[in-house]
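Structural features, examined
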Amino acid sequence: MKKQLLTALWLASAVLLAAAGLGCMLNPGDVMSMMADWVGVVMVFSGLMQLAVVWLMRKSVFGDRSFFTKAVVAVIVGVFIMCKSFIAGEVLRVLISMMVLVDAVSILGAAWAMNSDHVLGRGWLWLIGLVELVLGVCGFLRPELVNVAVSIIMGVSLIYEGLTLVYTWFIGMRWRKALGK
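A brief report on the enclosed structure follows. Quantities reported herein were computed from a predicted structural model and do not represent experimental measurements. Just so you know, the residues in each chain are numbered from 1, in the order the chain's sequence is written. The predicted nature of this model means local features are confined to residues of pLDDT at least 70 and side-chain atom pairs, given and counted, to a pLDDT of 80 or more, with totals for whole chains, interfaces and linings taken over all residues. In computing side-chain properties, one takes all heavy atoms of the structure into account and sets aside hydrogens as well as water.

**Some words on the overall build of the protein**
Threshold: Strands are runs of DSSP state E lasting at least two residues, helices are runs of H or I lasting at least four, and both sets are numbered from the N terminus onward. The cut-offs for exposure are 20% and 50% of the maximum accessible area for each residue type, with area from a 1.4 Å probe on protein chains only; residues under the lower value are buried, those over the upper are exposed, and the others partly exposed. Residue contacts are counted whenever heavy atoms from the two residues lie within 4.5 Å of one another.
The secondary structure content of the protein amounts to 7 helices and 0 strands. Sequence-ordered secondary structure for the protein, helices as α and strands as β, is α-α-α-α-α-α-α. Here the protein holds 181 residues, and 47% of them are scored as buried. Across the protein, every contact between residues at least 6 apart in sequence was considered, and the portion connecting residues at least 24 apart equals 79%.

Here it is, written out as structure tokens:
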């Protein structure tokens, strides 16, 4: 039962993030109004599902603070996106870059934590985290790129986050199976 719940939460969270990313990319015009409509809600739900996964996996490396941080940031940024009428567009762009940067550091922290448990596949997490780190730093160093292509950057970042969740689910389930759980 726990394995099915974990799988459902983990993969549903990934699908929601990827769907939000696709929505951003398919509606490049007035992305800020589109975000307020549903991307923020989707991010909040995805973050809450990620929090549930962290809680269910709390006694393992997959319940690590790194995954908790990613989930909390997704919820916070989702709430800010839903409240876009109170927040300037530039602040949202900074939040998006911050989210990508925090997610990168979280993934790198998770990969580091997995060293002690010798989780197979953690090497790819290092690479995923480094790519995301570059995306996040570019958002801060080149804000004009974020201003021009916010829907593309947000879309790619969310799809990337969804794929990262699928990958962590894959290595997590393989790790649990190897342990006989």
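**Here we look at empty space enclosed by the protein**
Inclusion rule: Space inside and on the surface of the protein is sampled on a 1 Å grid over the protein atoms alone, with a cavity defined as a set of points where a 1.4 Å probe fits but cannot get out and a pocket as an open set with protein on both sides within 12 Å along at least 5 of 7 lines; lining residues have an atom within 4 Å of a point. Grid points are joined across faces, edges and corners, and a volume is the space filled by probe spheres set on the points.
Tallied over the full model, the rule gives 3 cavities of 30 Å³ or more. Here the largest cavity is characterised by a volume of approximately 80 Å³. Around the largest cavity, the lining is made up of 10 residues, and of these Trp10, Gln50, Val53, Val54 and Leu165 lie nearest the centre. Put simply, the parts of the chain that give the lining of the largest cavity at least two residues each are α1 (2-26) and α2 (31-56).

**Quick notes on helix α3 (residues 65-82)**
Our working definition: Expected span of a helix: the number of residues minus one, times 1.5 Å.
The end-to-end C-alpha distance of α3, which contains 18 residues, comes to 26 Å, matching closely the 26 Å that a straight helix rising 1.5 Å per residue would cover. Buried residues of α3: Ser66, Phe67, Lys70, Ala71, Val73, Ala74, Val75, Val77, Gly78 and Ile81, and no others.

**Comments concerning the nonpolar core**
Keep this limit in mind: Nonpolar cores were defined as sets of buried Ala, Val, Leu, Ile, Met, Phe, Trp, Tyr and Cys residues, with membership established by side-chain atoms within 4.5 Å.
Among the nonpolar cores identified, the biggest contains 24 residues, and Leu6, Trp10, Val39, Met43, Met99, Met154 and Leu158 are the most heavily contacted of them. Looking at this core, the elements that each hand over two or more residues are α1, α2, α3, α4 (89-117) and α7 (150-179). Contacts of Met43, omitting those with residues within four sequence positions, involve Leu17, Ala74, Val75, Val77, Gly78, Ile81, Met99, Met154 and Leu158. Of all hydrophobic cores here, the second largest spans 13 residues; its members include Ile128, Tyr160, Tyr167 and Ile171.

**Observations regarding a nonpolar patch on the surface**
Quick reminder of the rule: Here a patch means residues that are over 30% exposed by relative accessible area and free of salt bridges, tied together within 9 Å if like-charged and within 5 Å if nonpolar (Val, Leu, Ile, Met, Phe, Trp, Tyr). Here the open area of atoms and residues is found with the Shrake-Rupley method and a 1.4 Å probe, where only the protein chains shown may cover a residue. Take a side-chain nitrogen of Lys or Arg and a carboxyl oxygen of Asp or Glu: if they are within 4 Å of each other, that pair is a salt bridge.
On the surface, Val41, Phe45, Leu48, Val79 and Met82 cluster together to form a nonpolar patch covering roughly 390 Å² of accessible area. Those elements that place two or more of their residues in the nonpolar patch are α2 and α3. Tracing the backbone shows Leu48 in helix α2. Taking relative accessible area as the criterion, Leu48 reaches 42% and is therefore assigned partly exposed.

**Looking at the packing of aromatic side chains**
The cut-off we apply is this: Ring pairs are drawn from Phe, Tyr and Trp, using the six-membered ring of Trp, whenever the two centres fall within 6.5 Å, and their geometry is named by plane angle: stacked under 30 degrees, edge-to-face over 60, tilted for the rest.
In total, this model carries 1 aromatic pair according to the counting rule given. Measuring from ring centre to ring centre gives 6.2 Å for Trp112 and Trp126, while their planes differ by 80°; the resulting arrangement is edge-to-face. Taken together, the residues span a long stretch of sequence, with Trp112 in helix α4 and Trp126 in helix α5 (residues 122-141) at a distance of 14 residues. Judged by relative accessible area, which is 29%, Trp126 ranks as partly exposed.

**Quick look at the side chain of Gln50**
Our working rule: Within 3.5 Å is the distance limit for a polar contact, defined as a pair of N or O atoms, with the added protein rule that one can donate a hydrogen and the other accept it, and that residues adjacent in sequence qualify only through two side-chain atoms.
Here Gln50 lies in helix α2. Only 3.4 Å separates the side chain of Gln50 from the side chain of Ser13, close enough to count as a polar contact. Dropping the residues within four chain positions of it, Gln50 is found in contact with Ser13, Leu17, Lys70, Ala71, Ala74 and Leu165.

**Here's the deal with the environment of Trp169**
Looking at where Trp169 falls in the secondary structure, it is placed in helix α7. Taking the relative accessible area as the measure of exposure, Trp169 reaches 21% and is therefore partly exposed. Sequence spacing of Trp169 and Ala14 is 155 residues, and the spatial spacing of their C-alpha atoms is 9.4 Å. Once residues within four sequence positions are removed from consideration, Trp169 is found in contact with Thr7, Trp10 and Leu11.

**Focus on the environment of Met114**
Tracing the chain through its elements places Met114 in helix α4. According to the relative accessible area criterion, Met114 is buried, its value standing at 0%.

**Examining the side chain of Ser46**
Among the structural elements, Ser46 can be located in helix α2. Given the relative accessible area of 0%, Ser46 is considered buried. What Ser46 contacts, discounting residues up to four positions off in sequence, is Ser13, Leu16 and Leu17.

By themselves, these observations are geometric and do not establish any function.
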